[in-house]
Amino acid sequence: MVMQFLKTLFFVLSLWPVCGYASDTLTVQQCRDLAVQHSPLQAKKLYAESISTLQISNLHSNDLPRIAFGAQATWQSDVFGLPIESPFFQIPTVPKDQYKVTADVNQRIWDGGSNRYLRQQRSLESELAAAQVDVEVFVLREVVTDLYFKALLLRESEAILRTSIADLQNRLKQAEASITEGVALRTSADQIKIQILKSKQQLDGVYMDEQTVRELLAKWVGRPVVPAPIATDSVSLTHYPPNYLNLNPNRSRPEYQLFTLQQRSFQLSKNTLALRNQPRIEAFAQGGVGRPNPFNFFETDFQPFVLLGIRAAWTPFDWGNRRRDAQVFDLQMKNVEAQQQAFEQRMDATTLKDAADILKWRDAVGRDDAIIRLQEDIIRRADAQVKNGVMTMTDYLTQLDLLTQARLLRATHALQAAQVWEMLVARIKAGE
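Residues numbered from 1 in each chain as written. Predicted model: local features only at pLDDT ≥ 70, side-chain atom pairs only at ≥ 80, totals over all residues. Heavy atoms only, no water.

## Considering the overall build of the protein
Then, in step 1: Helix and strand content of the protein: 8 helices and 6 strands.
Then, in step 2: Shown N-terminal to C-terminal, the secondary structure of the protein runs as helices and strands in the order α-β-α-α-β-β-α-α-β-α-β-β-α-α.
Then, in step 3: Looking at the protein as a whole, 38% of its 432 residues qualify as buried.
Then, in step 4: For the protein, the exposed surface amounts to about 25,100 Å²; the carbon and sulfur share of it is 57%. (Helix = DSSP H or I, 4+ residues; strand = E, 2+ residues; numbered from the N terminus. Buried < 20%, exposed > 50% of the residue type's maximum accessible area, 1.4 Å probe, protein only. Areas by Shrake-Rupley, 256 points an atom, 1.4 Å probe, with all protein chains shown as cover.)

## Some thoughts on the pattern of salt bridges
Then, in step 1: Throughout the structure, instances matching the rule amount to 19 salt bridges.
Then, in step 2: The shortest N-O distance in the salt bridge between Glu176 and Lys193 comes to 3.8 Å. With Glu176 in helix α4 (residues 114–181) and Lys193 in helix α5 (residues 186–221), the pair connects residues that are 17 residues apart, well separated along the chain.
Then, in step 3: Its relative accessible area of 25% is what places Glu176 among the partly exposed residues.
Then, in step 4: Residue Lys193 is classed as partly exposed on the basis of its relative accessible area of 33%.
Then, in step 5: Lys353 is the salt-bridge partner of Asp357, the closest N and O atoms lying 2.8 Å from each other. Remark: Lys353 and Asp357 occur in helix α7 (residues 321–387); sequence separation between them is 4 residues, near one turn of the helix.
Then, in step 6: On the basis of relative accessible area, Asp357 is assigned to the buried category, the value being 13%.
Then, in step 7: Accessibility expressed as a relative area gives 51% for Lys353, which makes it exposed.
Then, in step 8: In the salt-bridge network here, residues are joined through shared partners; they are Arg66, Glu282 and Arg311. (Salt bridge = Lys/Arg side-chain N within 4 Å of Asp/Glu carboxyl O.)

## Comments concerning the packing of aromatic side chains
Then, in step 1: Tallied over the full model, the rule gives 5 aromatic pairs.
Then, in step 2: Ring geometry for Tyr148 against Phe149: centres 5.5 Å apart, planes inclined by 75°, an arrangement best described as edge-to-face.
Then, in step 3: Residue Phe149 is classed as buried on the basis of its relative accessible area, which comes to 2%.
Then, in step 4: A cation over an aromatic ring shows up here: Arg171 above the ring of Tyr396, its NZ or CZ 5.0 Å from the ring centre.
Then, in step 5: It is Lys360 that lies over the ring of Trp361; its NZ or CZ is 4.4 Å from the centre. (Phe/Tyr/Trp six-rings, centres within 6.5 Å; stacked < 30°, edge-to-face > 60°. Lys NZ or Arg CZ within 6 Å of the ring centre and 35° of its normal.)

## Regarding the nonpolar core
Then, in step 1: Within the largest apolar cluster, 43 residues are counted, with the highest numbers of intra-cluster contacts made by Cys31, Tyr148, Phe149, Ile192 and Tyr396.
Then, in step 2: Breaking this core down by element, the ones donating at least two residues are α2 (28–38), α4, α5, α7 and α8 (393–428).
Then, in step 3: Considering every element that reaches this core, the biggest residue donor is α4, with 15 residues.
Then, in step 4: Tyr117, Leu124, Val135 and Leu268 belong to the second-largest nonpolar core, a separate cluster that totals 9 residues. (Core = buried A, V, L, I, M, F, W, Y, C linked by side-chain atoms within 4.5 Å.)

## Quick notes on a nonpolar patch on the surface
Then, in step 1: A cluster of nonpolar side chains, Phe80, Leu82, Ile84, Phe297 and Phe298, forms an exposed patch at the surface whose accessible area comes to about 480 Å².
Then, in step 2: Structurally, Phe297 can be placed in the loop between β5 (280–291) and β6 (303–313).
Then, in step 3: Look at Phe297 and you get partly exposed, because its relative accessible area is 39%. (Patch = residues over 30% accessible without salt bridge, like charges linked within 9 Å, V, L, I, M, F, W, Y side chains within 5 Å.)

## Some thoughts on the sheet that holds strand β2 (residues 66–75)
Then, in step 1: In space, the 4 strands of this open sheet follow the order β2-β3-β5-β6, with antiparallel pairing throughout. Both edges of this open sheet fall to β2 and β6, since each of them pairs with a single strand only. Pairwise comparison of adjacent strand axes, ignoring direction, gives a mean angle of 20° for this sheet.
Then, in step 2: Of the pairings in the sheet, the one linking β2 to strand β3 (residues 97–110) comprises 10 bridges and is antiparallel in character. Residue pairing for β3: Gln72 is matched across the bridge by Lys100. (Pairing = 2+ DSSP bridges. Axes fitted to C-alpha atoms, helices over the stretch in contact; angles between N-to-C directions.)

## Focus on the environment of Ser265
Then, in step 1: By secondary structure assignment, the location of Ser265 is in helix α6 (residues 254–271).
Then, in step 2: Excluding its chain neighbours within four sequence positions, the residues that come into contact with Ser265 are Gln121, Leu124 and Leu128. (Contact = heavy atoms within 4.5 Å.)

## Examining helix α3 (residues 41–60)
Then, in step 1: Between its first and last C-alpha, α3 extends 29 Å over 20 residues, near the 28 Å set by a 1.5 Å rise per residue.
Then, in step 2: Buried residues of α3: Leu41, Ala48, Ser52, Ile56 and Leu59, and no others. Summarising the axial view, the buried residues of α3 lie within an arc of 75°, below the 170-degree limit, and thus occupy one face. Exposed and oriented more than 90 degrees from the buried face of α3 are Leu46, Tyr47, Leu54 and Asn58.
Then, in step 3: Those residues of α3 hidden inside the fold are in contact with α4. (Expected span 1.5 Å × (residues − 1). Arc of directions from axis to C-beta.)

## Thoughts on the environment of Gln332
Then, in step 1: Relative to the helices and strands, Gln332 resides in helix α7.
Then, in step 2: Along the backbone, Gln332 and Gln263 are 69 residues apart, and their C-alpha atoms lie at a distance of 8.3 Å.

Right, dumping it as structure tokens:
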């Protein structure tokens, strides 16, 4: 239903010209790209990749021989001795103070494949960290888009107010001329001056708000000053073909990549459970000198010794721990699947709302255009009525203010439609 609704929508809508390029302006796409480049979040990808590289290097070193040196000096209250004496030879006495210096070498022969799984896990952790950054960056793009269109709306409002003030100032000159000729009262000019002051007061507020928003935008994009955003004129319904967007369910958004990697991580952890029942085989060697010889207590002086061997360890029974842990990973994968379904449901609902809002604002712009045309006709007639003394200056200024407000409302509706459209396009195209 969502796709059919969007297909109908895209047959009558297209992009507003907010994505053009100019030398002294910034497009919304340029702002988003700059914000992504400037974001400290990008460093998290590099850190995660470096951590993974170092960890994998450590895992590779597990296949190399492990060498350890040791030393030991002890004293014991009693030692082994033969309870006999011989007239033919002297039985050596084991010393109570004993010393030993050793060098141990261990070489892994078979680890059940755990090292390979660990390397895959470390690499997957790096991809997960990068995918999480992509999700956070996508949210950042939406924040910048919102600020961009706020700045654009304030800029449009400022232009409309300046036009209104210019009209009032021209009207003031006409009123001053009429007063000089004695055909109008000073009150008329004073009323126009009051309206000019009110408009300038409103203009000052809009200007300050615009500067604040542009300063915030400058912080996000990493520039000391942000050029003016590109203004939009009107809603174009035929500029782009209906198949401009691929309406198939979008699987390139960073959230889907994150869900996929989470599923792979849990599946890999589940696969490693089989390693618990694998035997471990290791060759070892120990050599050193000791007093007495640890393998022959009758050699009571410092003597060299060597021990060579191979050892294995195997735990065939775990009393059901492996089975229960596998169930835990299955449930965790189902939890990720539920999160993905909730995300898709939220995306469908948001897309439907945005599509409906675009149609609403588009229709509102059409009504605003009709209102502005009618209000401009009223102003033209009112101007003649004021000159003929049929309408008071107060009524004329009221009608002029209604025209200004209608133009401001029209700009608001057009930019609201443009912003929702831009967000919808970015959401469907995954911000590409």
